[in-house]
Amino acid sequence: MFDQRDRPEWSFVSWLIRYNPSHRWLYFSNMTRNEALVFKTNDSDPEQPHAVPHSAFNDPSCPVGLPTRVSVEMRAAAYWFD
C-alpha cells in the first residue's frame, strides 16, 4: 500500500511509450533456451543507454502447435566501485 502513515514513502517510475516512425525495432528470432536478453534500466553515466522499452507481438510465421514462449522477469541491482 502506498503512503502508509508512519512508514517511509516510496515510489516507482513508469514509462508511456508512443509510436514514432523513427523507432527501430530488433527481433531475436533464433534465440535458444540457453540464451537471455538483458535490459539495462539505469546507469550512473547519463551517456549510457537506460530505460529500454520492450514489447511482444504475435508472430504469424510461428508454426502451429509449438509451446508458447516463456518469459521470466528478474530485477537486480549491481554496484561496483573503482
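Described in the following lines is the structure provided in the data block. (Residues numbered from 1 in each chain as written. Predicted model: local features only at pLDDT ≥ 70, side-chain atom pairs only at ≥ 80, totals over all residues. Heavy atoms only, no water.)

This brings us to the overall build of the protein. From N to C terminus, the protein includes zero helices and zero strands. Its C-alpha atoms give the protein a radius of gyration of 18 Å, clearly above 12 Å, the size a compact globule of 82 residues would have. In terms of overall dimensions, the protein has C-alpha extents of about 55 × 35 × 30 Å along its principal axes. Burial status across the protein gives 0% buried among its 82 residues. Put simply, the protein has 8 plus and 10 minus side-chain charges, and the middle of one group is 8 Å from the middle of the other. (Helix = DSSP H or I, 4+ residues; strand = E, 2+ residues; numbered from the N terminus. Rg over C-alpha atoms; globule rule 2.2 N^0.38 Å. Buried < 20%, exposed > 50% of the residue type's maximum accessible area, 1.4 Å probe, protein only. Lys, Arg positive; Asp, Glu negative; His and termini not counted. Charge placed at Lys NZ, Arg CZ, Asp CG, Glu CD.)

Taken as a whole, the largest pocket spans an internal volume of roughly 3300 Å³. Contributing to the lining of the largest pocket are 50 residues, with Leu37, Val38, Phe39, His54 and Ser71 lying nearest its centre. Across the lining of the largest pocket, the residue classes tally to 29 nonpolar, twelve polar and nine charged. (1 Å grid on protein atoms, 1.4 Å probe; cavity = no way out; pocket = protein on both sides within 12 Å on 5 of 7 lines; lining within 4 Å. Points joined across faces, edges and corners; volume = space filled by probe spheres on them. Nonpolar A, V, L, I, M, F, W, Y, C, P; charged D, E, K, R; others polar.)

So, on to a nonpolar patch on the surface. Residues Leu26, Phe28, Met31, Leu37, Phe39 and Val52 make up a contiguous nonpolar surface patch of about 560 Å² in total accessible area. Residue classification places phenylalanine 28 among the partly exposed positions, given a relative accessible area of 44%. (Patch = residues over 30% accessible without salt bridge, like charges linked within 9 Å, V, L, I, M, F, W, Y side chains within 5 Å. Areas by Shrake-Rupley, 256 points an atom, 1.4 Å probe, with all protein chains shown as cover. Salt bridge = Lys/Arg side-chain N within 4 Å of Asp/Glu carboxyl O.)

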